[in-house]
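# Analysis of the macromolecular model
The lines below spell out each chain.
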Amino acid sequence: MIVFKKIPFYTFLVALFFCLHGYSENIGFIYFSEVLKTCGVILFCITLLFGILYLFTQKILYTGIVSFSVCVIYLFFGVIQDHVKDIPVLRSYRGLVPVLLIIIITVIVHFRKKTVLLEKWTQFLNYLLLIYCVVDIVTILMGINVEDHSYANKLTGSVNSSLVKLRPNVYFLLFDEYPGYKSLRDSFGFKNEVFYKKLSDDSFTIIPTFSNYSGTAFSMSSIFNMDYVNKKNLNETSPQRELQERGKEIENAAVFNVFSQLGYEIQSFSVFDVLDKKSIGGNSFILGHSRLLTDKMFHNRFIKDVAWQFINGNFSIPAFQQLYFGEIKTYNARAEEGLIASLDKKNNSPRFIYAHFLMPHQPYFFDSVGREQNIARLEDAAVLADKSLFLSYLQYANKKIGAFADLIVQKDSSAIVILLSDHGFRAYQSSKKYEPYKFDNFCAIRYTGSKPLPASLPISNVNLFRYIFNECFYQHLPYLENKVSLLKEKDR
């Protein structure tokens, strides 16, 4: 076709290929609407680049090959980086970026006045990108027609609804990185007894427990599925893909399906999607679905590898910090608003309400009396390891937790209230491969049913909801062996 020699469709097809290929590799983890949005933004940027270059060159084929070269390097920078990471000279940005710039300059110089060669390359690249796109479309169509059972709930049939005597509302409040009594006492010199006494006075039972994972997504997946993460090659895929896999496990978790089977309405105010309830926000740098698609782009790799210093380092810029940290602070406010609003909602069916608060997890936004901390220091390494600053924020969290508990007891006194942390404090300056205090977490449960909760049963987080179903809903679920799993990558 003569048109394939005269028009550089491939310059724009590269955006379609980039998005289709990313989607085909991650079917089930990315919403198609996110793919469309990302593709639209990339096409707009390519069109803008093409238009600007054409103003200078006035040659459509030449503009096409130059634009294409820039776009390929920008969009697939992560792929290039991963393939050359074992070459010493290209391992750093100081080596890799100049080489890529030389490649672009070579294209600019080499094709400047070679019309015949440009036509051949235009025809070849047009057909190549078209074939690539068709292959990915076929792969996607085949993939979405294959039913995936890997995240299906397998515990529902083990719950006998006929044994359930009462169906009180259940409030599950998760406080990220809240340490247990032992680690606060031994490592921080802080016994936290005032807070524990308040909970005890409010009829909470303190449950001795520990976390199975020191990373949030892994811990929450095991908690909600009442089982350990089923992953044979843990740590061998990309951290971003692992997070999305854990997110999918949480979205379709056994706990939500069991409560649904028992007639409960599920409400969620969380960083994770839960059934048909979307996440209320959180740290999109970690959890955004589309990051599986865009993570390989130059700006995202640069932010992750280098530009973090403008947020957390010697060159930190308060405006960037405010933008980054503000998302987390806004998220906590949304979770609180959702929880409080749920208390005033009248409903004919019982409810399971899940609220996930990113506190006292870093950044340490407030001190013990609620004063805002200096934004310029929030993610400094020395600040994260400063136990006094963490304790101050923890005492602020204590007041929030106490207020939430008081409000629930006041408005829904017969409810089951579960206060839990996903793992303990993680910023220990420890050289040990296994730091036990990272897994020491907090758990308190309020239940006013027909029998008191036993507090002597030693459990870990993976058994928490087995314990709840057994003690509060008269089930007979077996407990799993209590153990921890180490993550080779930095704690997620």
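The rules we used
Residues numbered from 1 in each chain as written. Predicted model: local features only at pLDDT ≥ 70, side-chain atom pairs only at ≥ 80, totals over all residues. Heavy atoms only, no water. Helix = DSSP H or I, 4+ residues; strand = E, 2+ residues; numbered from the N terminus. Buried < 20%, exposed > 50% of the residue type's maximum accessible area, 1.4 Å probe, protein only. Areas by Shrake-Rupley, 256 points an atom, 1.4 Å probe, with all protein chains shown as cover. Contact = heavy atoms within 4.5 Å. Polar contact = N/O pair within 3.5 Å; in protein donor to acceptor, adjacent residues only side chain to side chain. Core = buried A, V, L, I, M, F, W, Y, C linked by side-chain atoms within 4.5 Å. Pairing = 2+ DSSP bridges. pLDDT = per-residue confidence, 0-100. Disulfide = S-S within 2.5 Å. Expected span 1.5 Å × (residues − 1).

## What to know about the overall build of the protein chain
Helix and strand counts for the protein chain stand at 19 helices and 8 strands. Per-residue burial over the protein chain gives 50% buried out of 492 residues. Carbon and sulfur atoms form 61% of the exposed surface of the protein chain, whose accessible area is close to 23400 Å².

## What about the environment of N398?
Its location among the elements puts N398 in helix α18 (residues 387-411). Taking the C-alpha atoms as reference points, N398 and Y178, separated by 220 residues in sequence, lie 9.8 Å from one another. Leave out the neighbours within four places in its chain, and N398 touches Y178, N192 and F195. Polar side-chain contacts of N398 include one of 2.4 Å to the side chain of Y178.

## Regarding the nonpolar core
Note on soluble globular proteins: their nonpolar side chains tend to be buried together. In this structure, F172, F224, F352, F465 and F473 are the most contacted members of the largest nonpolar core, which totals 87 residues. Broken down by element, this core gets its largest block of residues, 11 residues, from α18. Discounting residues that sit within four places of it in the chain, F352 has contacts with V170, F172, F224, V255, F256, F259, Y264, E265, I266, Q267 and F465. Ranked by size, the runner-up nonpolar core spans 33 residues in total, among them I30, C39, I42 and I140.

## A look at the side chain of S270
Among the secondary structure elements, S270 is positioned in the loop between β4 (265-269) and α13 (284-287). The class of S270 is buried, set by a relative accessible area of 0%. Each residue touching S270, except ones within four places of it in the same chain, is listed here: S279, I280, G281, Y331, Y354 and H356.

## Some details on the environment of P360
Among the structural elements, P360 can be located in the loop between β5 (351-357) and α17 (381-384). With 34 residues separating them along the chain, P360 and L394 place their C-alpha atoms 5.2 Å apart. Once residues within four sequence positions are removed from consideration, P360 is found in contact with D176, E177, Y178, F390, Y393, L394 and A397.

## Quick notes on the pairing of strand β7 (residues 443-446)
Of the two faces of β7, both are covered, the one formed by C443 and I445 as well as the one formed by A444 and R446. In this structure, strand β2 (residues 204-206) lies alongside β7, joined through 3 bridges in antiparallel fashion. Among the inter-strand pairings, T205 is bridged to a residue of β7, identified as I445.

## Considering the confidence of the model for the protein chain
Mean pLDDT over the protein chain stands at 86; residues scoring 70 or higher make up 85%. A low-confidence stretch, residues 283-287 stays under pLDDT 50, and its non-local contacts, those more than four residues away or across chains, total 16 contacts.

## Digging into the state of the cysteines
If you walk through the whole model with that rule in mind, you get 0 disulfides. Summary of cysteine pairing: C71 is not part of a disulfide, and the nearest cysteine sulfur, belonging to C45, is at 8.8 Å.

## Thoughts on helix α6 (residues 93-110)
Across its 18 residues, α6 extends 25 Å between first and last C-alpha, which sits within 8% of the 26 Å expected from 1.5 Å per residue. If you check which residues of α6 are buried, you get Y93, G95, L96, L100, I104 and V107. Buried residues along α6 sit in contact with α4 (60-75), α5 (77-84) and α15 (298-305).

## Structural notes on helix α10 (residues 216-225)
Among the 10 residues in α10, 9 count as buried, and that is most of the element. Note on α10: the residue one or two positions beyond its end, M226, has a positive phi of about 55 degrees.

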